[in-house]
Amino acid sequence: MSLHWIQDDGAVRSARWVSDGGTPAPRRVVPADSRIGTAAAYRHICEGTALLWTGDFPSARQLLTSLGKRAEPRRRPKADSLTEAFHLQRREQARRTRILSLLLVPYEAGEGGAWTIPLKRAPEVAEACAQAYGEFETAGDAGEAAEEPDSATVVGSLRELLGVVGAYEWRRKGVVVPALGGDRIHPHYGVFSPVRGEYLDLAADAAKDWEARGLPPRVAFDVGTGTGVLAALLARHGAGRVVATDLDPRAVACARENADRLGVGPQVRVEQADLFPEGRADLIVCNPPWLPGRPRTRLDHAVYDPDSSFLHRFLAGLPEHLEPGGEAWLLISDLAERLGLRGESELADAIGAAGLEVTGRETTTPRHGRAFDRDDPLYEARSREITSLWRLAVR
């Protein structure tokens, strides 16, 4: 996929477009530098014209910050229900994302084909971009070159670049997980980070219980493993063998790396699969996406589950994958019910329809900052949210 623009000297240029989220290339692009003011830049962008930055990099970041402030709604529309407030908030987030994604930066191949930004005072982005986009030569749509054969430039969103750099730092430094004794999980780009520890604490307490009773599972499945944090936790507490699955190849690579880092690689096998691996297990654990809704970004797939499809398919598949007498742990929040996105009896009905029964339930309350932010339009639901570990067995 390519985009085109006209330089100040009248020359027509083109470049390949790169976007990890699959965002289409903007149709209209004009070059811009520090001579453009925030008001003019905002006007261009709101009209659908992207700005390709040619000034120094710090000025581009400063303009993005100013555009973000300009894009803030002056007045929040009043919602008649929490459900409406949720949809209004998502719509507003999408609007701001569209606006802020239209400030663009160029990339070029540096020494050894490394990603570089040909702007003054630009940061080093080679490793971060390589992890997100692959080698520079394969950026954008694989095999599709820019229309100008001599063009070696790639263009992408500055906002996305900052997310790429931030994700690289998270992967490099890791995220401390108290449930793993303070060890760190290193999330890859595009793989949701285990920043909310409530569900991990519930799983750790349950695992400690069967470990203390000398009854750890011989085989456990971790369905939708993501970073592999739950698989590592189960292995740490005595599970004989853990098979972790995820459909996203980045998550598979991430989970394998984390298992090796944490010293449980020999116990944990990570497979690319849609839901279950082959065979049966004594214990099956799953922390599915919590909210029914359409994902808009790669990370959204860890949060939003269209029509609760993942959840329903997981429950329906448990009877054929649990060993006789086996148990499943469903780790899920009730935020969807509190927001009116899922019926109050839908989960219970799905459990019953799958031929399952609830044998126990442990709960906890959220500790993340948004649960205490009274300015959040969804505060009423977030402040009362409950995260549960549902113990399920085949009837």
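Residues numbered from 1 in each chain as written. Predicted model: local features only at pLDDT ≥ 70, side-chain atom pairs only at ≥ 80, totals over all residues. Heavy atoms only, no water.

Per an unreviewed UniProt entry, the chain goes by the name Ribosomal protein L11 methyltransferase (PrmA) and belongs to Streptomyces indicus.

## Examining the pairing of strand β1 (residues 2–6)
Selection criterion: Only when DSSP finds a minimum of two bridges between them are two strands counted as paired. Helix and strand definitions here come from DSSP, where helices need a minimum of 4 consecutive H or I residues and strands a minimum of 2 consecutive E residues; each element is numbered from the N-terminal end.
Relative to strand β2 (residues 12–17), β1 runs antiparallel, the two being bridged by five bridges. Bridged to Trp 5 within β2 is Arg 13. Connecting the antiparallel pair β1 and β2 is a turn made up of five residues, with Gly 10 showing a positive phi of about 90 degrees.

## Concerning the pattern of salt bridges
As a reminder, the rule being used: What counts as a salt bridge is simple: a side-chain nitrogen of Lys or Arg found within 4 Å of a carboxyl oxygen of Asp or Glu. Burial classes follow relative accessibility: with a 1.4 Å probe on protein chains only, a residue under 20% of its type's maximum area counts as buried, one over 50% as exposed, and anything between as partly exposed.
Considering all chains together, one arrives at 27 salt bridges under this definition. With its nearest N and O atoms 2.9 Å apart, the salt bridge here joins Asp 33 to Arg 35. A relative accessible area of 18% places Asp 33 in the buried class. On the accessibility criterion, Arg 35 (69% relative accessible area) is exposed. Asp 376 is the salt-bridge partner of Arg 370, the closest N and O atoms lying 3.6 Å from each other. Judged by relative accessible area, Arg 370 falls into the partly exposed class, the value being 40%. On the basis of relative accessibility, which here comes to 8%, the residue Asp 376 falls in the buried class.

## Some words on empty space enclosed by the protein
Selection rule: With a 1 Å grid laid over protein atoms only, a set of points is called a cavity when a 1.4 Å probe fits there but cannot get out and a pocket when it is open yet has protein on both sides within 12 Å along at least five of seven lines; lining residues have an atom within 4 Å of a point. Grid points are joined across faces, edges and corners, and a volume is the space filled by probe spheres set on the points.
Taken as a whole, this structure holds one cavity of 30 Å³ or more when the rule is applied. Estimated volume of the largest cavity: approximately 40 Å³. Residue lining of the largest cavity: Thr 225, Gly 228, Ala 231, Ala 232, Ala 244, Ala 255, Ala 259, Val 264, Val 268 and Val 270, and that is the complete set. Of all elements in the fold, only α7 (229–236), α8 (249–261) and β12 (268–272) reach the threshold of two or more residues within the lining of the largest cavity.

## Overview of the UniProt feature "domain: Methyltransferase small" (unreviewed entry) in the chain
Put simply, the rule is: UniProt positions are given in the numbering used here, feature names are shortened, and annotations may be inferred rather than shown by experiment.
When the UniProt feature table is mapped onto this chain numbering, "domain: Methyltransferase small" (unreviewed entry) sits at residues 218–333. Its end C-alpha atoms 28 Å apart, residues 218–333 is made of 26% helix and 29% strand.

## Regarding the nonpolar core
The criterion, for reference: For our purposes a nonpolar core is just a set of buried Ala, Val, Leu, Ile, Met, Phe, Trp, Tyr and Cys residues, chained together by side-chain atoms within 4.5 Å. In what follows, residue pairs with any heavy atoms lying within 4.5 Å of each other are defined as contacts.
Ranked by internal contacts, the top residues of the largest apolar core, which has 43 residues, are Leu 3, Tyr 107, Trp 115 and Leu 161. When residues of this core are assigned to their parent elements, the largest contribution, six residues, is made by helix α2 (residues 57–71). Leaving out residues up to four positions away in the same chain, Leu 3 has contacts with Arg 13, Ser 14, Ala 15, Trp 17, Ala 25, Pro 26, Val 29, Leu 104 and Val 155. Tyr 199, Ala 206, Val 252 and Leu 283 belong to the second largest nonpolar core, which has 35 residues in total.

## Some remarks on a nonpolar patch on the surface
Just so we agree on the cut-off: Like-charged residues within 9 Å of one another, or nonpolar side chains (Val, Leu, Ile, Met, Phe, Trp, Tyr) within 5 Å, are grouped into patches, provided each residue has over 30% relative accessible area and no salt bridge. The Shrake-Rupley method, run with a 1.4 Å probe sphere, supplies the accessible areas, and residue values consider only the shown protein chains as cover.
Taken together, the side chains of Trp 170, Phe 192, Val 195 and Leu 299 make up a nonpolar region of the molecular surface, amounting to roughly 380 Å² of accessible area. Relative to the helices and strands, Leu 299 resides in the loop between β13 (281–286) and α9 (309–317).

## Here's the deal with unusual backbone geometry
Phi angles above zero are rare outside glycine, and Arg 121 is one such case at about 60 degrees. Residue Arg 121 is classed as exposed on the basis of its relative accessible area of 63%. We note that Ser 308 has phi near 55 degrees; this positive angle belongs to a residue other than glycine. Along the chain, the position of Ser 308 falls in the loop between β13 and α9. Note on Ser 308: relative accessible area 2%, which makes it buried.

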